[in-house]
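Notes for the structure review
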Amino acid sequence: MHLQSFPTLHNIFYRFFGLKNCTRTPTTGQSRLCPLVNQPCPDVTINPLVRSFNPKNQSLHPREEDYVNTRLTTVIPNEWQNWVGDGSAIGYDLSAFKNTSFPRIGLALSGGGARGAQYGAGVLSALDGRNQRGLLQVSSYLAGLSGGSWLLGSLYMNDFPPIRELVQGNGNNLTGWLLDIAFTTPDGDNLLSKMNQYWFGSILWSVVAKGATGIDTSVTDPWARMISYHFLNQTTRNNFLRTTRPTARQYQIPFPIIQTNSRPVGSNLTTALSPTSAVYEITPMEWGSWDPQLSAMMNLSYAGTHLTNGQPDNNTACVTGFDDTGFMMGTSASLFNQIIDRVHNTVQGLSPSVSKAIFSLLNRQLSVLRTRADDVANWPNPFYNLAGKANFQDLHSKWLELIDGSSNQENMPLGQLFVKARNLDVVVGIETSVDLTATNWPNGTGPTLSAARITDLLQSSHQVFPPLPGSQAEFISMGVNLRPTFFGCFPTQNPPEYPMMIWFPSSPPLNGDKPVINTPTFTLQFSQAHTQLFLDQVYANAIGGFVPNSNIPDPNFGRCLQCAAIDRARYRINPPMARSDFCTQCFTQYCFDPNNPSSSSELPGRVLAFENPDPQGVSALSSFLSRGKVGLIVGFLVAVLLIAAICTFLIRRKRRQSRTAEYQEVVGLHDEDELPFMRHDLQRESGTSGLSSPFELGHLDWQVTPYVPEEHRELDPAPEGNTPTTT
């Protein structure tokens, strides 16, 4: 069914990819573009806020289903033709597949902080039909977690531009990711500099304004703001706050999913999660978990609302505006519980005396920023006491503690793409884990744990995982962790009993160059030169495949990738079409075959040790930060503590007149009775800005009625190419 209220992509992702700022209007003091509490709720007897199901009657949200199916029937066939032509180059007649349906494909972007975001960008650039391959254009889903979610959010907020332009800028409307600017102190190491104070004040204003609504905050909130400044909407070095809005496209891009994990409430875990902990996803329409223990989804428009058995406390007890893009990206990358041990009051790697001092400050100062667990992302639990969910781990908790999406050591959001209701034929894993800690390369831990979780816990709700090597040692000995590999090439049933999986693990340059991409996860600052080299290496590997016993790229790899992507469509033809000779040859080279294992000796001359391409300047600081988690976290905590101290000081003076000489740039933005936090509202040099808020990236019109699924109301999109301003 085509939903008439769904004419453009803008309508789908209107709320999901519209970063909002928590602030107050200068004239009324009312909250604008931040969570709104005590809002009217829909009649849940007609339009439930929660949809509950079980693994046997799984179904997609109707708007997700409509978007994916419409794209699959109206857009993707043309994209297949753009990519493979008539199919003769790989031994097929593409027209033979048009009477069936083309494969449903999903791509999974791994975590890994800024390294993960850049690696995902490099691979997607190689898979982009505007460059080399067209796999990105024929895909139905794009999922990300942690650093992968930073790339995901950046792509959609900027209207899916060419990847290189997204990361490095285009000299016009895109200025690129600002990875050469420090996350915590963009004006340098001097925390007390005026510009850093503006920076801290701008971030804290948003967080405290959110907290003023009665919604609990945590260290994830300022972290999310820092991520947003670097990755969302054309922030510039001269204007680190001003942003614009994406334009709308009709069914041109894959459906987005962000994954996050949950720490069982009250556990205070600071270690890796058990595979039994619930895994959540966030889409433009809803958020929740496909895990059998829950099997429920909440309307994203009303995220932040406390419900009991799906019911709000009253008909005006709803929350809207909680679904902030930056906060979702921050939630998916909220790893602080693994660093801060609240039980023993220690910070990993520091002496007990130093840890005690930090926690003393933390407990006193962060009270300004949060009202409950400070090392997680606090989400009100809409599944509280939900009927029929006796096995749900947090059934009787009114809050959920959401954390980094790879906290259970599954560093790719594969589970979301193996959900039975999505019925994918091909899953593409794009992974840059640091399993081999001495050299920071993957060793198969991520897909192995995903396969084990699906096999042990999710058989009723997820598709079967394709066969993998039996251990991480086998991944290494076979060399499949050093090159693109296809899994699931040899099904024995029709329809196949599992999807095909194409795995792009981060790996050393196939030509023997020294690698610059295997940086530690906590390296968050990269020089522009390093980013350039990083993307070049990833791109070259992703288009190059491998030639056994050599250091040259495979000129046939692009066509072999087509073979893997189209293969499942053969089974839909009656009788099934035989695999072509060319594709058979490709599968011999690239497929994992337990009966004919490959060997790492076929990949000579790979240099494993990281080579710093910029040992001075920015990368020198990156090297210092990347020696471990401690440097980053302590620096971040110090910055937050300083912000909190400033915040406490200012609260005590909030009814005093602001000093006009020092704060003349910001005094007009807030009433004198509001918290006079310092804010930096520079204007873009190349144009004018009517924005009075640093985070009005999407500038959502909050007069729009929140989405209610059954009503299928149409949101009024902004005119194409017209960037609205705040008045």
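Residues numbered from 1 in each chain as written. Predicted model: local features only at pLDDT ≥ 70, side-chain atom pairs only at ≥ 80, totals over all residues. Heavy atoms only, no water.

1. Here we look at the environment of Gln252
Test applied: Helix and strand definitions here come from DSSP, where helices need a minimum of 4 consecutive H or I residues and strands a minimum of 2 consecutive E residues; each element is numbered from the N-terminal end. A 1.4 Å probe rolled over the protein chains alone gives each residue an accessible area, and that area as a share of the maximum for its type sets the label: buried under 20%, exposed over 50%, partly exposed in between. For this analysis, residues touch if any pair of their heavy atoms sits within 4.5 Å.
With respect to the helices and strands, Gln252 occurs in the loop between α8 (220–231) and β7 (255–263). Taking relative accessible area as the criterion, Gln252 reaches 36% and is therefore assigned partly exposed. Placed 112 residues apart in sequence, Gln252 and Ser140 show a C-alpha to C-alpha distance of 9.8 Å. When near neighbours in sequence (up to four residues on either side) are disregarded, Gln252 contacts Tyr67, Arg71, Val75 and Glu79.

2. Focus on the confidence of the model for the chain
Detailed conclusions should not be drawn from predicted coordinates in areas where pLDDT is low. The line we're drawing: For every residue, the predictor reports its confidence as pLDDT, a number between 0 and 100.
Looking at the chain as a whole, the pLDDT averages 78, with 72% of positions reaching at least 70. Segment residues 617–632: pLDDT under 50, and 30 contacts once partners within four positions in sequence are set aside and those in other chains are kept. Of the regions scoring below 50 in pLDDT, residues 648–727 engages in 196 contacts with residues more than four places distant in sequence or in other chains.

3. Thoughts on the state of the cysteines
Covalent bonding between the sulfur atoms of two cysteines defines a disulfide. For the record, the criterion: Any cysteine sulfur atom paired with another within 2.5 Å is treated as part of a disulfide.
One pass over the structure, following the stated rule, counts 4 disulfides. In this model Cys41 forms its disulfide with Cys318; the gap between the sulfur atoms is 2.0 Å. For the disulfide bridge between Cys41 and Cys318, the dihedral angle about the S-S bond is near 120°, and by the sign convention the bridge is right-handed. With a gap of 277 residues between them, Cys41 in the loop between β3 (36–39) and β4 (50–52) and Cys318 in strand β13 (residues 318–320) connect regions that are remote in the sequence. Given a relative accessible area of 0%, Cys318 falls into the buried group. Residue Cys563 pairs covalently with Cys583 via a disulfide, S to S 2.0 Å.

4. Considering the packing of helix α2 (residues 62–74) against helix α3 (residues 76–84)
The condition that has to hold: Axis definition: a line fit to C-alpha positions, over the contact stretch in the case of helices; interaxial angles, taken between N-to-C directions, run 0 to 180 degrees. Angles below 35 degrees are treated as roughly parallel, those above 145 as roughly antiparallel, those between 65 and 115 as roughly perpendicular, and all remaining angles as oblique. The residue classification treats Ala, Val, Leu, Ile, Met, Phe, Trp, Tyr, Cys and Pro as nonpolar and Asp, Glu, Lys and Arg as charged. All others, Gly included, are polar.
For the pair α2 and α3, the least separation of the axes is 4 Å and the interaxial angle reads 45°. As judged from the angle between their axes, α2 and α3 are oblique. Here Arg71, Leu72, Thr73 and Thr74 of α2 come into contact with α3, specifically with Ile76, Pro77 and Asn78. In terms of residue class, the contact of α2 with α3 is built from 3 nonpolar, 3 polar and 1 charged.

5. What to know about the pattern of salt bridges
Note the cut-off: Counted as salt bridges are all cases of a side-chain nitrogen of Lys or Arg within 4 Å of a carboxyl oxygen of Asp or Glu.
With the rule as written, the count across this model stands at 15 salt bridges. Where Asp324 meets Arg225, a salt bridge forms, and the shortest distance between an N and an O atom there is 3.5 Å. You can see Asp324 sitting in the loop between β13 and α9 (325–332) and its partner Arg225 sitting in helix α8, a full 99 residues away along the chain. Neither residue differs from the other here; Asp324 and Arg225 are each classed as buried. Of the charged contacts in the structure, one is a salt bridge between Glu281 and Arg422, with a shortest N-O distance of 2.7 Å. In this pair, Glu281 sits in strand β8 (residues 279–282) while Arg422 sits in the loop between α11 (414–417) and β18 (426–431), placing the two residues 141 residues apart along the sequence.

6. So, the nonpolar core
This is how it is decided: Take the buried Ala, Val, Leu, Ile, Met, Phe, Trp, Tyr and Cys residues and link them wherever side-chain atoms come within 4.5 Å; each set so joined is a nonpolar core.
Core analysis: the biggest nonpolar cluster contains 153 residues, and Trp287, Trp379 and Phe486 have the highest contact counts within it. When residues of this core are assigned to their parent elements, the largest contribution, 8 residues, is made by helix α4 (residues 113–127).

7. What about α3?
As a reminder of what qualifies: Here the arc refers to the set of directions running from the helix axis out to each C-beta atom.
Restricting attention to buried positions, one finds in α3 the residues Ile76, Pro77, Glu79, Trp80, Trp83 and Val84. The buried side chains of α3 occupy one side of the element, clustering within an arc of 160° when seen end-on. Elements in contact with the buried residues of α3: α2, β5 (105–109) and α15 (557–566). Just downstream of α3 lies Gly85, where phi reads positive at about 65°.

8. Section: the side chain of Thr260
Filter applied, for reference: Pairs of N or O atoms within 3.5 Å make up the polar contacts considered here, provided that, within protein, one atom can donate a hydrogen while the other can accept it, and that residues adjacent in sequence are counted only when both atoms are side-chain atoms.
With respect to the helices and strands, Thr260 occurs in strand β7. By relative accessible area, Thr260 is classed as buried at 1%. Within polar-contact distance, the side chain of Thr260 engages the backbone oxygen of Ile403 at 2.6 Å. If we ignore the near neighbours within four places in the chain, the residues touching Thr260 are Val279, Tyr280, Thr331, Ser332, Leu402, Ile403 and Gly405.

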